[in-house]
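Here are the chains, one letter per residue:
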Amino acid sequence: MIRPVSGNLPKLTGIQTPSVPENNVTIWPNPAEDYINIKTKDVYYGSGSVSVFDLTGHELLNVSSLERLDISSLKKGIYIVVTRIDGKITGYNRLIKSR
């Protein structure tokens, strides 16, 4: 049995695009085999971290270095690299892991 919905329902008039922060991070080489270098556009004095996620959203790596990241343990594929400085996301990058 389907029951009718009553009350004040929100009106959907379009699709809201989530805001994404400006990407202030560059990674290279890309595609990469064993490591990637990470460079931020801004100087930072706080704590920084890098997380690597697979395309299903599972976090595979999380390190506190923003200079060089060892990715040799990852399988060949596509990953998302998220960088944070003082807990704030400063960049999203796509990483292609070869070999």
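In what follows, the structure referred to is the one given above.
Definitions and cut-offs
- Residues numbered from 1 in each chain as written.
- Predicted model: local features only at pLDDT ≥ 70, side-chain atom pairs only at ≥ 80, totals over all residues.
- Heavy atoms only, no water.
- Phe/Tyr/Trp six-rings, centres within 6.5 Å; stacked < 30°, edge-to-face > 60°.
- Lys NZ or Arg CZ within 6 Å of the ring centre and 35° of its normal.
- Pairing = 2+ DSSP bridges.
- Helix = DSSP H or I, 4+ residues; strand = E, 2+ residues; numbered from the N terminus.
- Axes fitted to C-alpha atoms, helices over the stretch in contact; angles between N-to-C directions.
- Buried < 20%, exposed > 50% of the residue type's maximum accessible area, 1.4 Å probe, protein only.

Q: An account of the packing of aromatic side chains is needed here, citing residue identities and associated values.
A: Taken as a whole and judged by the stated rule, the model has 0 aromatic pairs. Arginine 68 extends its terminal NZ or CZ atom over the ring of tyrosine 35, reaching a point 3.6 Å from the ring centre.

Q: Explain the sheet that holds strand β1 (residues 25–28) to me, using residue names and the numbers behind them.
A: Strand order in the open sheet made by the 3 strands is β1-β2-β5, with antiparallel pairing throughout. Across the chains shown, the open sheet's two edge strands, defined by having one partner strand only, are β1 and β5 (68–70). In this sheet, adjacent strand axes meet at a mean angle of 25° when their direction is disregarded. For β1 and strand β2 (residues 35–40), the ladder comprises 4 bridges, and the chain directions are antiparallel. Paired with valine 25 across the two strands is threonine 40, which belongs to β2.

Q: Just give me the short version of the pairing of β1, but keep the residues and values in it.
A: Where a strand is regular, its side chains alternate between the two sheet faces. Side chains Val25 and Ile27 of β1 all project onto a buried face; the interleaved residues Thr26 and Trp28 project onto a face where none is buried. The turn linking β1 back onto β2 is made up of 6 residues.

Q: Describe in detail the sheet that holds strand β6 (residues 77–85), supporting the description with residues and values.
A: The strand order β4-β3-β6-β7 describes an open sheet built from 4 strands, whose pairing is antiparallel. If you trace the sheet from one side to the other, it starts and ends with β4 (59–63) and β7 (88–97), each paired once. Between one strand axis and the next, the sheet turns by 20° as a mean value, whatever way the strands run. In this structure, strand β3 (residues 48–53) lies alongside β4, joined through 4 bridges in antiparallel fashion. From the neighbouring strand, serine 51 faces β4, where its bridge partner is asparagine 62.

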